[in-house]
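Report on the structure
The residues making up each chain are set out below.
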Amino acid sequence: MPLSADVWAMMLFVVVSFWGVAGWALVRTMRQEDRKVELLESQRELDTYSPKALDDLREWIEAHPDDPYAADAREKYNECVETLRTTDRHFYGWSDERIARLEKL
Amino acid sequence: MSSDALKTARGQWGSRFGFLMAMIGAMVGVGNIWRFPYVAGENGGGAFILAYLLILFVIAAPGLIAEVALGRYTEKGVIGAFRDVVGPGGLVGLGVVVLLVNVALMSYYSPLVGWTLYYAAHSFLFTFTSAAFRPEPFLDGFLANPALTIAMHTIVMALVAGVLLFGIREGVERVVVVAVPALVLSLAAITVRAVTLPGADEGLAFTFGVRWEFLTFSSTWIAALGQALFSTGLGWGIALTVGSYLRKYDDVPLGGGIFTAIGESSVAVLAAFAIFPIVFAYGLAPDTGATLAFVTLPQVFSEMAAGWIWAILFFVGFFLAAFTSAIVITEVAVTTVSEETRLSRRQTVLAVCGLIWLLGLPSALSADVLDFADFVFGNWGLPLATLCIIGVIGWKLGPERLRVLSVNQNAGVYVGRWWNGVVKYVVPAIMLFIMAYFAYDSFGDPRMIAGMVVLVSFPLAGYAVMRYLEGGEEPGPSGKAAGGDD
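Residues numbered from 1 in each chain as written. Chains lettered and ligands numbered in written order. Predicted model: local features only at pLDDT ≥ 70, side-chain atom pairs only at ≥ 80, totals over all residues. Heavy atoms only, no water.

The next thing to look at is the overall build of chain B. If you tally the helices and strands in chain B, you get 20 helices and 0 strands. At 22 Å, chain B has a C-alpha radius of gyration in line with the 23 Å of a compact globule built from 486 residues. In terms of overall dimensions, chain B has a C-alpha envelope of 70 × 55 × 50 Å along the principal axes. Counting across all 486 residues of chain B, residues that qualify as buried make up 64%. Partitioning the contacts of chain B with sequence separation of at least 6, the portion at a separation of at least 24 is 85%. Element-wise, carbon and sulfur atoms account for 68% of the exposed surface of chain B, whose accessible area totals about 16300 Å². Computed over 25 positive and 31 negative side-chain charges, the inter-centroid distance for chain B is 11 Å. (Helix = DSSP H or I, 4+ residues; strand = E, 2+ residues; numbered from the N terminus. Rg over C-alpha atoms; globule rule 2.2 N^0.38 Å. Buried < 20%, exposed > 50% of the residue type's maximum accessible area, 1.4 Å probe, protein only. Contact = heavy atoms within 4.5 Å. Areas by Shrake-Rupley, 256 points an atom, 1.4 Å probe, with all protein chains shown as cover. Lys, Arg positive; Asp, Glu negative; His and termini not counted. Charge placed at Lys NZ, Arg CZ, Asp CG, Glu CD.)

What follows is the structure, given as structure tokens:
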């Protein structure tokens, strides 16, 4: 019994959406790992948040200044800002202008 | 990261690949191999796969991200992580519930791993390609021999203990980085043979043929939900424990969420390509459930050219899938007990594995007990554990806190605010629905009554134990979460 076109299409879709996505995620995360190791070996520190994620963190701290986790959040925020200021190469896509605008909390 | 400067006193994964393989090894179990292809075929084939994929992305991956992130943030096992969130006192008992469910799960899973070990050993003796081989008497003979079933259960727990004694990096990681790729290669090799068999088309059409009308059936979505949530092990404490050994600069959402959810399901998809063409090519019944691997498939190896090779590849792969899960499931209890007691890791491994071995004896002696325990804990115990973990993250810690503090820290992909609603509302609602559905579906059945006993007694016991041990203290410095409101 020859396979119908929809079965072929579904098998192709399954291979791409499962093995394709899993393979993409594996390659991407392993490459990111290599990049992190390279940066850590050359400058010992790494920016820990992307611009968008750091914006979210700052907004949350400003909205919840008395939260029991606020001190920890501020520490993480300030650590990232400090690292961005003291390192030349960054893991995430930070521009110099954007780093210059950052202030510690 | 390989830099020694980044090591801490607590164990950590030695490599990113080790963490990823531990997650996949834990989540890929026997159900991926025999259950997924059949459930897909029975529920609309391609239509089911579409529903399943959607649920993986919308529910399972976000849930796994939450669980791994909590483990990474607290750097503790299940009880310690719960204490960090809710503070010392009775509510830490929810962590005890997760611990109890894991021990119970392993108590009947270990004898089942023993079955796969027995079959893997016999594949090397060419039993399945001998002229005298008869699959049903072979399985019946094994199950009727308590010395054999207990011996297999004992060997499995001894092997698990042997791996865990070496710790996270030297034990678990060293095994999974070899075993998981070996499992995938085994299935891939079988797939090449299977899809070239005369008549293989029918098996592919059964699993991958698209019957769109099934997307309108509630049963399709319930089956997809059950397969996605049970297959990914969401909320069982495994992802939390594996995540607690992540290093400072490690990502959570890309590896712990997307790769784990889609990667482990990819193994199930590969199993569909590998097994069902064989089932249909030889005119076997596809609906035999767990016996598909132990009775149905073994009878075709003698008819295949070089059948002994395919038997070895299949049963070794089957054993590896089960064994790597057993290692990581047991690690959940080992991590927690070693943190909560004065026992060394070595003493903890021996105590936990000894306890599981003891509790597993009834399931090793009787397949009926194993089936009963599987039904009770699969339908109510594991969803209860998921509810405890996701409930604490969603309603006590608060998903937004976890998202800004841990999920998006060092993340390989950015996770937006949409994730909060999934963790807080969608996953708990679905787990409650699944438990209620199973209770309704088997109302009055002794297994349903046993499930209700688990649902009530485990949280009560956990609460009472931790309230007694920790004196019912109010949340202190470690129990910082004031509430789950974001």
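Okay, the environment of B:A22 next. Relative to the assigned elements, B:A22 resides in helix 1 (residues 16-27). If sequence neighbours within four positions are ignored, B:A22 has contacts with B:W13, B:V176, B:V242 and B:V328.

A few words now on the interface of chain A and chain B. Residue-level contacts link 49 residues of chain A with 60 residues of chain B. Both sides together, the interface formed by chain A and chain B hides about 4600 Å², and carbon and sulfur atoms give 68% of it. Its largest share of buried area at the contact with chain B, chain A owes to A:F18, A:W19 and A:Y69, together 17% of the area lost on that side. For the interface between chain A and chain B, the tally reads 6 salt bridges. Among the ionic pairs, A:E59 bridges to B:R417, the shortest N-O distance being 3.0 Å. Scanning the region where chain A abuts chain B turns up 19 residue pairs in polar contact (both at pLDDT 80 or more). Looking at the side of chain A that touches chain B, the elements that each hand over two or more residues are helix 1 (5-43), helix 2 (51-63) and helix 3 (70-86) of chain A. (Buried area = accessible area lost by both parts, 1.4 Å probe. Salt bridge = Lys/Arg side-chain N within 4 Å of Asp/Glu carboxyl O. Polar contact = N/O pair within 3.5 Å; in protein donor to acceptor, adjacent residues only side chain to side chain.)

Moving on: unusual backbone geometry. All names here are of chain B. In this structure, E75 takes a positive phi of about 55° despite not being glycine. Using a relative accessible area of 44% as the deciding quantity, one classes E75 as partly exposed. In this structure, N410 is a non-glycine residue whose phi angle is positive, near 60°. Within the secondary structure, N410 sits in the loop between helix 18 (399-407) and helix 19 (418-441). Assessed through its relative accessible area of 1%, N410 is described here as buried.

Summed over all chains, the structure comprises 21 salt bridges over all chains. Two residues, A:E62 and A:R58, come together in a salt bridge whose shortest N-O distance is 3.6 Å. Taken together, the positions of A:E62 and A:R58, both in helix 2 and 4 residues apart, correspond to about one turn of that helix. The exposure class of A:R58 is partly exposed, given its relative accessible area of 24%. Through salt bridges with shared partners, a single network forms among A:D56, A:E59, B:E400, B:R403 and B:R417.

Okay, the packing of aromatic side chains next. For any two aromatic rings, the description comes down to two numbers: the centre-to-centre distance and the angle of the planes. Residue and element names in this part refer to chain B. This model, assessed by the stated rule, comprises 38 aromatic pairs over all chains. Joined through ring pairs, the aromatic side chains of W115, Y118, Y119, F128, F133, F138, F142, F294, F301, F314, F315 and F318 make up one cluster. Between the NZ or CZ atom of K424 and the centre of the ring of W395, over which it lies, the distance is 4.7 Å. (Phe/Tyr/Trp six-rings, centres within 6.5 Å; stacked < 30°, edge-to-face > 60°. Lys NZ or Arg CZ within 6 Å of the ring centre and 35° of its normal.)

Turning our attention to helix 8 (residues 167-194) of chain B. With 28 residues, helix 8 of chain B extends 39 Å between its outermost C-alpha atoms, agreeing within 8% with the 40 Å of an ideal straight helix rising 1.5 Å per residue. The sharpest bend along helix 8 of chain B measures roughly 35° and falls at B:E173. (Expected span 1.5 Å × (residues − 1). Bend = angle between axes of the 7 residues up to and from the residue.)

Once that is clear, we can look at the side chain of B:T348. Considering the arrangement of structural elements, one finds B:T348 in helix 16 (residues 345-365). At a separation of 2.7 Å, a polar atom in the side chain of B:T348 contacts the main-chain carbonyl oxygen of B:S344.

Moving on, we come to the nonpolar core. Judged by nonpolar contacts, the single largest core of 214 residues is most densely connected at A:L54, B:F208, B:I275 and B:F314. Each of two domains, domain 1 (1-44) and domain 2 (45-105) of chain A, supplies a minimum of three residues to this core. Residue contacts for B:F208: discarding those within four places in its chain leaves A:V7, A:M10, A:M11, A:V14, B:G46, B:I49, B:V269, B:A272 and B:F273. (Core = buried A, V, L, I, M, F, W, Y, C linked by side-chain atoms within 4.5 Å. Domains from an automatic or database assignment.)

Any segment with low pLDDT has predicted coordinates that should not be analysed in fine detail. Taken over all residues, the pLDDT of chain B has a mean of 90, while the share at 70 or more is 95%. pLDDT under 50 marks residues 1-8 of chain B. Its contacts with residues more than four places away, or in other chains, come to 18 contacts. (pLDDT = per-residue confidence, 0-100.)

What follows covers the packing of helix 5 (residues 93-124) of chain B against helix 6 (residues 135-143) of chain B. Residues and elements named next belong to chain B. Interhelical geometry of helix 5 versus helix 6 gives an angle of 125° and a closest axis separation of 12 Å. As the angle between them shows, helix 5 and helix 6 are arranged oblique. As for the relative orientation of helix 5 and helix 6, their crossing is right-handed in sense. The segment helix 5 lies against helix 6, with G114, W115, Y118, Y119 and H122 engaging F138, L139, F142 and L143. Considering only residue class, the contact of helix 5 with helix 6 consists of 7 nonpolar, 2 polar and no charged. (Axes fitted to C-alpha atoms, helices over the stretch in contact; angles between N-to-C directions. Parallel < 35°, antiparallel > 145°, perpendicular 65-115°, else oblique. Left-handed = near helix turned anticlockwise from the far one by under 90°. Nonpolar A, V, L, I, M, F, W, Y, C, P; charged D, E, K, R; others polar.)

This paragraph deals with the domain arrangement of chain A. Residues and elements named next belong to chain A. When the domains of chain A are assigned, the result is domain 1 (1-44) and domain 2 (45-105). Here domain 1 and domain 2 have C-alpha centroids that lie 30 Å from each other. Taken residue by residue, the interface counts 9 residues in domain 1 and 7 residues in domain 2. Summed over both sides, the interface between domain 1 and domain 2 buries roughly 810 Å², with carbon and sulfur atoms accounting for 54% of that surface. Inspection of the region where domain 1 meets domain 2 yields 1 salt bridge. Salt-bridge contacts for E38 lead to R89; the nearest nitrogen and oxygen are separated by 2.5 Å. When its residues are assigned to classes, the side of domain 1 that touches domain 2 shows 2 nonpolar, 3 polar and 4 charged.

A few words now on the confidence of the model for chain A. Residue-level pLDDT values for chain A average 94, and 99% of them are 70 or greater. Mean pLDDT values over the elements of chain A span from 93, in helix 4 (residues 96-101) of chain A, up to 97, in helix 2 of chain A.

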